[in-house]
Amino acid sequence: MARRRQLYEGKAKILFEGPEPGTLVQYFKDDATAFNAQKKGTITGKGVLNNRISEFLMTKLAEINIPTHFIRRLNMREQLIKEVEIVPIEVVVRNIAAGSIAQRLGIPEGTRLPRSIVEYYYKNDQLNDPMVGEEHITAFGWATPQDMDDIIHLTLRINDFLTGLFLGVGITLVDFKIEFGRLYENEDMRIVLADEISPDNCRLWDAKTNEKMDKDRFRRDLGKIEEAYQEVARRLGILPEAGARDLKGPETMQ
Ligand code: UDP
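Residues numbered from 1 in each chain as written. Predicted model: local features only at pLDDT ≥ 70, side-chain atom pairs only at ≥ 80, totals over all residues. Heavy atoms only, no water.

## Some details on the nonpolar core
Across soluble globular proteins, you tend to see nonpolar side chains buried next to one another.
And then number 1: Counting residues in each nonpolar core, the largest one holds 46 residues, and the members touching the most others are Ile158, Phe166, Phe180 and Ile197.
And then number 2: The element best represented in this core is helix H4 (residues 145-167), accounting for seven residues.
And then number 3: Not counting residues within four places of it along the chain, the set of residues in contact with Ile158 comprises Leu61, Ile66, Phe176, Ile178, Phe180 and Leu193.
And then number 4: Ile14, Val25, Tyr27 and Leu80 belong to the second-largest nonpolar core, a separate cluster that totals five residues. (Core = buried A, V, L, I, M, F, W, Y, C linked by side-chain atoms within 4.5 Å. Buried < 20%, exposed > 50% of the residue type's maximum accessible area, 1.4 Å probe, protein only. Helix = DSSP H or I, 4+ residues; strand = E, 2+ residues; numbered from the N terminus. Contact = heavy atoms within 4.5 Å.)

Pasting the structure below:
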């Protein structure tokens, strides 16, 4: 089969034209970047695991009626998704202080926040994804007030659900980043969850030991990165059947 037309290559994923109009193929790479791509590396098997973990979490969210772009997984590294217009905002939810909020506000890492805090960052690599408020988002037209109502409502539901799901497998959901898109169907437009949810964009700590099980192991050179991603998949009960040995997966496109 002919190689599909590539539409976009990001830091961790590639988007290809899908088999039908209105669909795309999302390919998960092993490449890892941090600090706005100043630090680069490869985490062997990450793409395979993130493909599987994101499939699992999006499917679970769909079961509680969170609309998502996910259609189905195609193979070890690819999933079929609905084509959406990405809202250029990264939505970050924090339950426990870590990373930039700990630094910015001088809150010791690990402090439980008085309540979950939602932050927005404007997706712009040249500007280093600056933090913005709802005022900026609506004033500059990146999203409408109605879009923001939907985004906030969905985000809080996603946080509640994922917090419980992870806690059930002994993992604390410290914080995470999600993205939304506009899905156009007939005359209607709906806001849906897009991108991915994986240890690349969540902070996941072992509930007992607080050991980090996410991309912070790469960012902070803590070692055992592959093992941490695998352990998240194992606890969720979704390690690929072939087990850890086969995580490299096929190099060729379907
Ligand atoms: N995050 C992300 N992509 C980004 C920035 C942050 O996925 O470009 C995730 C990150 O993995 C963490 C959460 O969002 O789970 C909050 O990140 P923070 O603002 O603390 O940023 P960082 O530690 O990356 O400076």
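## Some words on helix H6 (residues 225-235)
And then number 1: The complete set of buried residues in H6 reads Ile225, Ala228, Tyr229, Val232 and Ala233. Taken end-on, H6 shows its buried residues confined to a sector of 135°, consistent with a single buried face.
And then number 2: For H6, the secondary structure elements touched by its buried residues are helix H1 (46-63), H4, strand S12 (171-185), strand S14 (202-206) and helix H5 (216-219).
And then number 3: Among the residues trailing H6, Gly237 stands out with phi positive, at a value near 80°. (Arc of directions from axis to C-beta.)

## Some words on the sheet that holds strand S1 (residues 6-9)
And then number 1: Taken in spatial order, the five strands line up as S1-S2-S3-S7-S6 in an open sheet, and their pairing is antiparallel. Both edges of this open sheet fall to S1 and strand S6 (70-73), since each of them pairs with a single strand only. If you compare each strand with its neighbour and ignore which way they point, the axes differ by 25° on average.
And then number 2: By the bridge criterion, three bridges tie S1 to strand S2 (residues 13-17) in an arrangement that is antiparallel. Among the inter-strand pairings, Gln6 is bridged to a residue of S2, identified as Phe16.
And then number 3: Sheet strands in contact with H1 are strand S3 (23-28), S6 and strand S7 (78-82), and its direction is about 130° off that of S6. (Pairing = 2+ DSSP bridges. Axes fitted to C-alpha atoms, helices over the stretch in contact; angles between N-to-C directions.)

## A short note on the site of the ligand
And then number 1: Around the ligand lies a shell of 16 residues, among which Arg94, Ser100, Asp175, Arg203 and Arg219 are the nearest.
And then number 2: At 3.3 Å, a side-chain N or O of Glu90 approaches an oxygen atom of the ligand.
And then number 3: Between the ligand and Ser100 there is a distance of 2.6 Å, counted from an oxygen atom to a side-chain nitrogen or oxygen.
And then number 4: Isolated, the ligand exposes 510 Å² of accessible area, and the fraction of that covered by the protein chains is 76%.
And then number 5: Elements supplying a minimum of two residues to the shell around the ligand: strand S9 (89-96), helix H2 (99-105), S12 and S14.
And then number 6: The residue inventory of the shell around the ligand, partitioned by class, reads five nonpolar, three polar and eight charged. (Near = heavy atom within 4 Å. Polar contact = N/O pair within 3.5 Å; in protein donor to acceptor, adjacent residues only side chain to side chain. Areas by Shrake-Rupley, 256 points an atom, 1.4 Å probe, with all protein chains shown as cover. Nonpolar A, V, L, I, M, F, W, Y, C, P; charged D, E, K, R; others polar.)

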